[in-house]
Amino acid sequence: MSSRFLPSFLICAAVALAAAAHLHAQAPAIPQQKESDPNLPPKGGSWSLREATVTDASLPRVLLIGDSITNSYLEPVRKALAGKANIDAWITPTTQADKSLPKTIAAILGWQKYAVVHFNLGLHGWQAGRIPEGQYEPLTRQFVQNLRAGAPQATLIWATITPVTVKGEPEKLNPDIQPTIEEHNRLALTVMKSEGVEIDDLAGLMAKNLPLAAGDMFHWKAPGVALLTESVMKSIASALAKPQAK
């Protein structure tokens, strides 16, 4: 090989090695998380960072952030988008008031380069005292800005908080909890619109399908999960089709 080709060859090799190292980077250590409310389990597995099984490294990377609702549609969404995206997920009971949240978000977003971040924090933040009064909107705005700082290339999609129903009476909205959920959705939507974040309105979708609630106040029967999966899959696919998400 001519020596005049060596510098460019070395540069290409270095770039390839750097890309491979990033691709196979070890997942960041996430602080152990617990939920004291027995009505709000992760519903399968643990609260944890779930890494995609990558068979095609050329596909865009997607990150889901959310609680047990996200966990319910994680695998169906992965299956629906197989061959189109590699999907990681942080299944978490955290809230915007979690002091470790900025550091955790920075670690996850520094681990992979994401084309799309589809996120929701909601069903673990309605209890009194978890989020200081009057702080939901500014803390949510700071959360979004942290996502933007860590993944400036990504399309951000906010999933609205799904309805909470009466235990054993799934067709009735919970009169004690649902008003807080609706207020949080209202405040979050104000933030998302001003920050240019796309909306996946899971709340509106499931409000029209309350008979599909599981009856435990928070979760959904299989047909309800199928509706959630379709909405999430479509919102991600639409974002991936945009040039800025590639």
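In this text the structure is predicted, and so the values were computed from the model without any measurement.

The rules we used
Residues numbered from 1 in each chain as written. Predicted model: local features only at pLDDT ≥ 70, side-chain atom pairs only at ≥ 80, totals over all residues. Heavy atoms only, no water. Salt bridge = Lys/Arg side-chain N within 4 Å of Asp/Glu carboxyl O. Helix = DSSP H or I, 4+ residues; strand = E, 2+ residues; numbered from the N terminus. Buried < 20%, exposed > 50% of the residue type's maximum accessible area, 1.4 Å probe, protein only. Pairing = 2+ DSSP bridges. Right-handed = clockwise from strand over helix to strand, strands pointing away. Axes fitted to C-alpha atoms, helices over the stretch in contact; angles between N-to-C directions. Parallel < 35°, antiparallel > 145°, perpendicular 65-115°, else oblique. Left-handed = near helix turned anticlockwise from the far one by under 90°. Contact = heavy atoms within 4.5 Å. Nonpolar A, V, L, I, M, F, W, Y, C, P; charged D, E, K, R; others polar. Core = buried A, V, L, I, M, F, W, Y, C linked by side-chain atoms within 4.5 Å.

A complete count under the given rule lists nine salt bridges for this structure. Notably, a salt bridge pairs Arg 61 with Glu 51, separated by 4.0 Å at the nearest N-O pair. Remark: Glu 51 occurs in the loop between strand E1 (48–50) and strand E2 (61–66) and Arg 61 occurs in strand E2; sequence separation between them is 10 residues. Note on Glu 51: relative accessible area 40%, which makes it partly exposed.

A word on the pairing of E2. Burial within E2 is extensive, with six of its six residues counted as buried. The alternating pattern of E2 places Arg 61, Leu 63 and Ile 65 and Val 62, Leu 64 and Gly 66 on opposite faces, both of which are buried. The pairing of E2 with strand E3 (residues 86–91) spans six bridges and is parallel. Each bridged residue has a counterpart across the sheet, and for Leu 64 the counterpart in E3 is Ala 89. Note that the unit made of E2, helix H2 (residues 68–80) and E3 has a crossover that is right-handed. Sheet topology note: the E2/strand E4 (residues 114–119) ladder contains five bridges and is parallel. Within E4, the residue paired with Ile 65 across the bridge is Phe 119.

Moving on, we get to the packing of helix H3 (residues 101–111) against helix H4 (residues 136–150). Look at H3 against H4: their axes get within 9 Å of each other, and the N-to-C directions meet at 25 degrees. By the angle between their directions, the pair H3 and H4 is classed as roughly parallel. Crossing angle aside, the handedness with which H3 passes H4 is right-handed. Of the residues in H4, those touching H3 at Leu 101, Pro 102, Ile 105 and Leu 109 are Phe 143, Asn 146, Leu 147 and Gly 150. Partitioned by chemical class, the residues of the contact of H3 with H4 number six nonpolar, two polar and no charged.

Counting residues in hydrophobic clusters, the biggest one holds 61 residues, and the most contacted among them are Ile 65, Tyr 73, Val 117, Phe 119, Leu 147 and Ile 236. Among the elements that line this core, the one with the most residues is helix H7 (residues 222–240), at six residues. Setting aside its immediate chain neighbours within four residues, Val 117 contacts Leu 63, Ile 65, Leu 109, Leu 147, Ala 154, Thr 155, Leu 156 and Ile 157.

No statement about biological role is implied by the geometric values presented.
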